[in-house]
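Close look at the chain arrangement
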Amino acid sequence: MISTQWHLASRPTGEPTSENVVKVEVELPELTAGDVRVRNTFLSVDPYMRGRMNEGRSYVAPYALNEAMGGAAVGEVIESTVDSLPVGTLVQHQLGWRDISQAPAGQFSALPIVPGVSPSLFLSVLGLTGITAWTGLTQIAHVKEGDTVFVSGAAGGVGTMVGQIARLLGASRVVGSAGSAEKVELLTSKYGYDAAFNYRDGDIAGQLKAAAPDGIDVYFDNVGGEHLSAALGAFNDGGRAAICGAISLYNANGGSGIRNSQNIVTRGLTLKGFTMGNYYFLAPQFAEVMRGWLTDGKIAYDETITDGIDNAFTAFLGMMNGKNVGKAVVRL
Ligand SMILES: NC(=O)c1ccc[n+]([C@@H]2O[C@H](COP(=O)([O-])OP(=O)(O)OC[C@H]3O[C@@H](n4cnc5c(N)ncnc54)[C@H](OP(=O)(O)O)[C@@H]3O)[C@@H](O)[C@H]2O)c1
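Residues numbered from 1 in each chain as written. Predicted model: local features only at pLDDT ≥ 70, side-chain atom pairs only at ≥ 80, totals over all residues. Heavy atoms only, no water.

**Observations regarding the packing of helix 2 (residues 128–140) against helix 8 (residues 283–295)**
Contact pair helix 2 / helix 8: the axes reach a minimum separation of 10 Å and the direction vectors enclose 100°. Classified by the angle their axes make, helix 2 and helix 8 are roughly perpendicular. Contact residues: Gly 130, Ile 131 and Trp 134 in helix 2; Ala 283, Gln 285, Phe 286, Val 289 and Trp 293 in helix 8. In the contact of helix 2 with helix 8, the residues fall into 6 nonpolar, 2 polar and no charged. (Axes fitted to C-alpha atoms, helices over the stretch in contact; angles between N-to-C directions. Helix = DSSP H or I, 4+ residues; strand = E, 2+ residues; numbered from the N terminus. Parallel < 35°, antiparallel > 145°, perpendicular 65-115°, else oblique. Contact = heavy atoms within 4.5 Å. Nonpolar A, V, L, I, M, F, W, Y, C, P; charged D, E, K, R; others polar.)

**A short note on the packing of helix 5 (residues 204–211) against helix 6 (residues 226–234)**
Relative to each other, helix 5 and helix 6 sit at 45°, their axes nearing to 9 Å. By the angle between their axes, helix 5 is oblique relative to helix 6. For the element pair helix 5 and helix 6, the recorded crossing hand is right-handed. Residue-level contacts link Ile 204, Ala 205 and Leu 208 of helix 5 to Glu 226, His 227, Ala 230, Ala 231 and Ala 234 of helix 6. Looking at the contact of helix 5 with helix 6, its residues break down into 6 nonpolar, 1 polar and 1 charged. (Left-handed = near helix turned anticlockwise from the far one by under 90°.)

**A closer look at the pairing of strand 12 (residues 235–243)**
Judged from the 5 bridges that link them, strand 11 (residues 216–221) and strand 12 form a sheet pairing that is parallel. Along strand 12, the bridge assignment pairs Val 218 with Arg 240. Read as a crossover between parallel neighbours, the route from strand 11 over helix 6 to strand 12 is right-handed. (Pairing = 2+ DSSP bridges. Right-handed = clockwise from strand over helix to strand, strands pointing away.)

**Concerning the sheet that holds strand 13 (residues 270–273)**
Spatially, 10-9-8-11-12-13 is the arrangement adopted by the 6 strands of the open sheet, whose pairing is parallel. Unpaired on one side and paired on the other, strand 10 (195–198) and strand 13 mark the two borders of the sheet. Between one strand axis and the next, the sheet turns by 15° as a mean value, whatever way the strands run. As paired elements, strand 9 (residues 173–178) and strand 10 share 4 bridges and run parallel to each other. Each residue of the ladder has a partner; that of Val 175, found in strand 10, is Ala 195. Where helix 2 meets the sheet, it contacts strand 11, strand 12 and strand 13, and its direction lies at approximately 140° from that of strand 11. Its contacts with the sheet place helix 4 (residues 181–189) against strand 9 and strand 10, and it is angled at close to 170° to strand 10.

**Observations regarding the nonpolar core**
Counting 46 residues, the largest nonpolar core has Leu 137, Val 151, Ile 165, Phe 220, Met 290 and Ile 299 as its most contacted members. Mapped onto this core, the elements with two or more residues apiece are helix 2, strand 8 (148–151), helix 3 (157–168), strand 9, strand 11 and helix 8. Split by domain, the residues of this core number at least three in each of domain 1 (2–121 + 302–331) and domain 2 (128–277). Those residues within four positions of Ile 299 in sequence are excluded, and the remaining contacts are Val 125, Met 161, Gln 164, Ile 165, Leu 168, Met 290, Trp 293 and Leu 294. One finds Trp 6, Ala 73, Ala 312 and Met 319 within the second-largest nonpolar core, a separate group that totals 20 residues. (Core = buried A, V, L, I, M, F, W, Y, C linked by side-chain atoms within 4.5 Å. Buried < 20%, exposed > 50% of the residue type's maximum accessible area, 1.4 Å probe, protein only. Domains from an automatic or database assignment.)

Bear in mind that shape data such as this cannot, by itself, settle questions of function.
As structure tokens, this is what we get:
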């Protein structure tokens, strides 16, 4: 059995290129007792993977050179040595970036097969991006009735969930920023945003002020940099920020200067960063809430699907450059 896998060949400086990765065909050994073999059907490509291409301290280990990269995936068990995961079981796991994954059974979790629900949704709405949006709003920014919420990266996997969940939790005004006129239109027409703007048009602070003339109470930060400075300038007293990501800086060497930080003191702001690894204990609670919303038709979603293991790296680069609407996934 051959597994086609993407390995990190060298560590990128700035934007990754095809020189930094290599697609490798690996002959898998026979299963040993306790192992399962899975044919993946969907792979996730996520911004945090860019950080794992670097060396050095982060909240997840760097990818090793010349080994398969990891990431979330869903698939079907095609060979098994354990009773708990028989052939045909739908599973999720972290051995992505490859078409066939093989490992001890403990590395795979069985998923329910829900009629009408694509397994890919366990990588998005019912998976990382959904739970990240919900956790950031409920546990970090403590969104409440009547809040005005600003979301950056609003048309992406996390961002499309944040706007809708904020509204379901009582926010009275939800505004978002994204990187194209088409995305901005989608935010107001499909995702229920009251106002949205294209940050590529410039003057983020001015555009935010026009979208939220009475200021913001909550900022869900997917982008960092200039967006964070603008949010700090727009906060009302007692404002709260869930610092979820900083994609504008992931290809940059070093950080950016943050402006308006004096408002953290004068307006009594709370800024809190979080990574989902510390909050997965909430997964059962989240699953119940989100399944209810999905069943009731309260959650819209998009997936940007790229076909084929050969195109996985292209899908990753496309997501980093804003080619996706909603969650970017690779279908095998
Ligand atoms: N804390 C956690 O545990 C956690 C978990 C999941 C994700 N995250 C973070 O959440 C954020 C969103 O992740 P996601 O998976 O939902 O990805 P995503 O938003 O679906 O895709 C990334 C998006 O970032 C935008 N982008 C790229 N460069 C940008 C720039 N310079 N300025 C502004 N926007 C830029 C692009 O959209 P545009 O067209 O709008 O530019 C692109 O579509 C990321 O920062 C990620 O690291 C954090």
